[in-house]
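Structure assessment
One letter stands for each residue in the lines below.
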Amino acid sequence: MTERDAARTLAHPEAGEIRLEDVLHALSDPVRLSIVRDLAGSAAELSCSHFDLPVTKSTTTHHFRVLRESGVVRQTYRGTTKFNTLRREELQSVFPGLLDSVLAAATAEETRLAAPAAS
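Let us look at the structure shown here.

**Some details on the side chain of Asn84**
As for its placement among the helices and strands, Asn84 is situated in strand S3 (residues 81–86). The class for Asn84 is buried, based on a relative accessible area of 0%. At 2.7 Å, the side chain of Asn84 forms a polar contact with the side chain of Gln75. When neighbours within four sequence positions are excluded, Asn84 is seen to be in contact with Leu39, Glu45, Leu46, Ser47, Cys48, Phe51, Phe64, Arg74 and Gln75.

What follows is the structure, encoded as structure tokens:
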């Protein structure tokens, strides 16, 4: 690995280092949850520029860093582009059913909030 490649390597917690409170904190923000939902719905890696988020570029960077440092996503550089993948299998092994439950709850909430109010 060259010095330049080493500088482009991002730190990720090992599966055994992922903490529940960090994952829950990462998923508690609506912007980060929308990123995770997009990643969960895609079989491919997605670049950071793929996401249309209602925040500034620096805030977007912060949200991705929180997701990476909590162990929710894995980020890798290819050239100058940073790609993101959901660490679904690792999260499932550490916290069985957690990610699927959060994603199902987010979908249910979206449906509930989109429904017209009952008279």
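Text resumes after the structure shown.
**Details of the pairing of strand S2 (residues 73–78)**
Examined bridge by bridge, S2 and S3 share six bridges and lie antiparallel to one another. Within S3, the position partnered with Arg78 by the bridge is Thr81. Taking the residues between adjacent antiparallel strands as the criterion, S2 and S3 are bridged by two residues, where Gly79 takes a positive phi near 70°.

**A closer look at the side chain of Arg32**
Relative to the helices and strands, Arg32 resides in helix H3 (residues 30–40). With no salt bridge to any partner, buried Arg32 finds its closest opposite charge in Asp29, at an N-O distance of 4.4 Å. At 3.1 Å, the side chain of Arg32 and the side chain of His63 are in polar contact.

**Some remarks on the sheet that holds S2**
Paired through their backbone hydrogen bonds, the strands of a sheet run either parallel or antiparallel. Within the open sheet, the three strands sit side by side as S1-S3-S2. Their pairing is antiparallel. At either margin of the open sheet sits one strand with a lone partner, and together these are strand S1 (46–47) and S2. Packing of H3 onto the sheet brings it into contact with S1, S2 and S3, and relative to S3 it is tilted by some 80°. Packing of helix H4 (residues 57–70) onto the sheet brings it into contact with S2 and S3, and relative to S2 it is tilted by some 115°.

**Here's the deal with the nonpolar core**
Inside soluble globular proteins, nonpolar side chains tend to come together where they are buried. Grouped together as the largest cluster of nonpolar side chains are 25 residues, with contacts concentrated most on Val23, Ile35, Val36 and Val72. Where this core is concerned, the elements lending two or more residues are helix H2 (20–27), H3, H4 and helix H6 (98–114). Contact partners of Val23, with chain neighbours within four places excluded, come to Ile18, Ser70, Val72, Leu91, Phe95 and Leu98.

**Notes on H2**
Considered for burial, the residues of H2 that qualify are Val23, Ala26 and Leu27. Down the axis of H2, the buried side of the element spans an arc of 95°, and every buried residue falls inside it. The inward-facing, buried residues of H2 abut H3, H4, helix H5 (88–94) and H6.

Cut-off values and rules
- Residues numbered from 1 in each chain as written.
- Predicted model: local features only at pLDDT ≥ 70, side-chain atom pairs only at ≥ 80, totals over all residues.
- Heavy atoms only, no water.
- Helix = DSSP H or I, 4+ residues; strand = E, 2+ residues; numbered from the N terminus.
- Buried < 20%, exposed > 50% of the residue type's maximum accessible area, 1.4 Å probe, protein only.
- Polar contact = N/O pair within 3.5 Å; in protein donor to acceptor, adjacent residues only side chain to side chain.
- Contact = heavy atoms within 4.5 Å.
- Pairing = 2+ DSSP bridges.
- Lys, Arg positive; Asp, Glu negative; His and termini not counted.
- Salt bridge = Lys/Arg side-chain N within 4 Å of Asp/Glu carboxyl O.
- Axes fitted to C-alpha atoms, helices over the stretch in contact; angles between N-to-C directions.
- Core = buried A, V, L, I, M, F, W, Y, C linked by side-chain atoms within 4.5 Å.
- Arc of directions from axis to C-beta.

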